[in-house]
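# Breakdown of the fold
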Amino acid sequence: MDEDDSALVAAGAGEGAATGGRDGLSAAAKALYAGITRGEPLGPADGPALRELLAWRLVTVDPDRPGAPIALDPQEAGRRRLDEGLRELAAGAARMAAVPDVADELALHFERAKWRSGAGSEFLAEPEQVGARIAEAVGGAETELLTAQPLGPRGADALEAADAREARALARGVSVRTLYRDGERDDPATRDRVTRLTARGARFRTLAGSFQSCVVVDRRQAFIPDHVVNSSPTHAAWHVMDRALVAFIAEGFEDAWRRADIWHGDPRRAAPAGGVGLTHRQREILIDTAAGIDQRITARRLNIGLRTLTKELGVLRARWGAPTLAALSYQWALSAERHRMTDEATGRPE
């Protein structure tokens, strides 16, 4: 073999080792291997095929005879090739298995960096835990405190603790609004509390209809009763920190607040004599109005037009001297007719 052939072999050895020949062996390389086993000399065009054979370790080159590559056992070369491929597959599988762990680790940094809705919710089972957590949240309130208590304050101790918390919040300039059931107007302790805190700037309202209990602080965190853990005690609560859910809870409070009557601590007025002699349609209208049902739904259910419904509401408002629908609902809740219907529904004697 001349100097050109030696250069061809040397180049093939270096380039073959670099490329690794990962694809299948070409027909030209197979033909060259057969020729090498027969002792045939290399040709000028055999460079690419020789590189493949070197990469597969099917031939080797003796430095003393660079022009005469030596054929190696193809079975042994195939086993080595297979072992290398299996090792590459195992390494690739290990890299793929590590992807979720890497993603989870980096996700912590990503989540901390972007604006989040919130950290979620936490279940509070013990009353002491609920009270301590609410006290901590209200103690850090900066702008607003919303409280809806359909069951009223839980005892004298709870009333005193709420008084102290809300008084401190008002002193810091926090807006404080509290919603009670209409029956709380009959409770002397609650009336005294409302009178005191109203003088400090707090606002109170009462609602004859139903509403959900909640405490919302700065619209960033809220406390609601448990509706998830069926076996939990009645005093259990959830501390909600998801901003989207807190906003939803606050909107529920605002809806009830709009339908409620302002209260400055004055006692409830005596039930009006009206209510007796209402027609069935008027009772149905009053029931839907107190429940906050859309007038279009009520009109459709009663098979009347909106104009007729409006006239009926005007008659009822005039009957009780109610300037607004909220006042009308309040008067209806106090009426003898409403109480009679409640007694009949619950089976209590009159």
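Quantities reported herein were computed from a predicted structural model and do not represent experimental measurements.

## Topic: a nonpolar patch on the surface
A surface patch of nonpolar side chains, about 330 Å² in accessible area, is lined by Leu82, Leu86 and Leu89. Inspection of the secondary structure puts leucine 86 in helix H4 (residues 74-113).

## Observations regarding the pattern of salt bridges
Summed over the entire model, instances satisfying the criterion amount to 20 salt bridges. One salt bridge connects arginine 38 with glutamate 40, and the closest N-O pair in it is separated by 3.0 Å. A relative accessible area of 42% means that glutamate 40 is categorised as partly exposed.

## Section: helix H3 (residues 47-56)
Restricting attention to buried positions, one finds in H3 the residues Gly47, Ala49, Leu50, Leu53, Leu54 and Ala55. Positive phi appears at arginine 57, one or two residues downstream of H3, with a value of about 60 degrees.

## Topic: the confidence of the model for the chain
In the predicted model, the chain carries a mean pLDDT of 81, and the fraction of residues at 70 or more is 81%. Mean pLDDT per element in the chain: helix H1 (residues 3-19) is the minimum at 46, and strand E7 (residues 214-217) is the maximum at 96. Segment residues 8-22: pLDDT under 50, and 24 contacts once partners within four positions in sequence are set aside and those in other chains are kept. Taken together, the stretch residues 114-118 has pLDDT below 50 and engages in ten contacts with residues farther than four places along the chain or on a different chain.

## Description of the packing of aromatic side chains
How two aromatic rings sit relative to each other is set out by the distance from centre to centre and by the angle between their planes. Counted by the stated rule, this structure contains four aromatic pairs. On the basis of an interplanar angle of 55 degrees and a centroid distance of 5.3 Å, the ring pair of phenylalanine 123 and tryptophan 238 is categorised as tilted. Of this pair, phenylalanine 123 sits in strand E3 (residues 121-124) while tryptophan 238 is found in strand E9 (residues 237-240), placing the two residues 115 residues apart along the sequence. Residue classification places tryptophan 238 among the buried positions, given a relative accessible area of 18%. Note on tyrosine 180 and tryptophan 263: the rings are 6.3 Å apart at their centroids and 75 degrees apart in plane angle, and the pair reads as edge-to-face. Of this pair, tyrosine 180 sits in strand E5 (residues 175-181) while tryptophan 263 sits in strand E10 (residues 261-263), and the two are 83 residues apart along the sequence. In this structure, tyrosine 180 and tryptophan 263 share a single accessibility class: buried. Among the aromatic residues, ring-to-ring pairing joins Tyr180, Phe204 and Trp263 into one connected group. Above the plane of the ring of tryptophan 56 lies arginine 81, whose end atom (NZ or CZ) is 4.5 Å from the centre. The ring of tryptophan 257 carries the charged tip of arginine 177 above its face, separated from the ring centre by 5.2 Å.

## Notes on the packing of helix H9 (residues 280-290) against helix H11 (residues 306-320)
Two packed helices can be described by the angle between their axes and the distance between those axes. At a closest axis distance of 11 Å, the pairing of H9 and H11 adopts a crossing angle of 85 degrees. Compared by their axis directions, H9 and H11 come out roughly perpendicular. Two secondary-structure elements touch here, H9 through Arg281, Gln282, Ile285, Leu286 and Thr289 and H11 through Thr308, Leu309, Glu312, Leu313, Val315, Leu316, Arg319 and Trp320. Looking at the contact of H9 with H11 residue by residue, the class counts come to seven nonpolar, three polar and three charged.

## What to know about the sheet that holds strand E8 (residues 221-225)
Overall, mixed pairing links the eight strands, which are arranged E3-E9-E8-E7-E4-E5-E6-E10 in an open sheet. The outermost strands of the open sheet, each flanked by one partner alone, are E3 and E10. Averaged over all neighbouring strand pairs, the angle between strand axes comes to 20 degrees, with direction disregarded. This element, helix H5 (residues 127-139), spans E3, strand E4 (144-149), E7, E8 and E9 of the sheet and lies at about 135 degrees to E3. Across the face of the sheet, helix H8 (residues 243-259) comes into contact with E3, E4, E5, strand E6 (203-207), E7, E8, E9 and E10 while running at roughly 65 degrees to E5.

## Brief notes about the nonpolar core
Within the largest apolar cluster, 21 residues are counted, with the highest numbers of intra-cluster contacts made by Leu145, Val174, Val176, Ala202, Phe204, Val217 and Phe223. Looking at this core, the elements that each hand over two or more residues are H5, helix H6 (155-171), E5, helix H7 (188-200) and E7. The element best represented in this core is H5, accounting for four residues. If we skip the residues at most four places from it in the chain, valine 176 touches Leu145, Glu166, Ala169, Leu170, Ala202 and Arg203. The next biggest cluster of nonpolar side chains, apart from the first, holds 17 residues, and it includes Leu207, Val246, Ala256 and Trp257.

Calculation criteria
- Residues numbered from 1 in each chain as written.
- Predicted model: local features only at pLDDT ≥ 70, side-chain atom pairs only at ≥ 80, totals over all residues.
- Heavy atoms only, no water.
- Patch = residues over 30% accessible without salt bridge, like charges linked within 9 Å, V, L, I, M, F, W, Y side chains within 5 Å.
- Areas by Shrake-Rupley, 256 points an atom, 1.4 Å probe, with all protein chains shown as cover.
- Salt bridge = Lys/Arg side-chain N within 4 Å of Asp/Glu carboxyl O.
- Helix = DSSP H or I, 4+ residues; strand = E, 2+ residues; numbered from the N terminus.
- Buried < 20%, exposed > 50% of the residue type's maximum accessible area, 1.4 Å probe, protein only.
- pLDDT = per-residue confidence, 0-100.
- Contact = heavy atoms within 4.5 Å.
- Phe/Tyr/Trp six-rings, centres within 6.5 Å; stacked < 30°, edge-to-face > 60°.
- Lys NZ or Arg CZ within 6 Å of the ring centre and 35° of its normal.
- Axes fitted to C-alpha atoms, helices over the stretch in contact; angles between N-to-C directions.
- Parallel < 35°, antiparallel > 145°, perpendicular 65-115°, else oblique.
- Nonpolar A, V, L, I, M, F, W, Y, C, P; charged D, E, K, R; others polar.
- Pairing = 2+ DSSP bridges.
- Core = buried A, V, L, I, M, F, W, Y, C linked by side-chain atoms within 4.5 Å.

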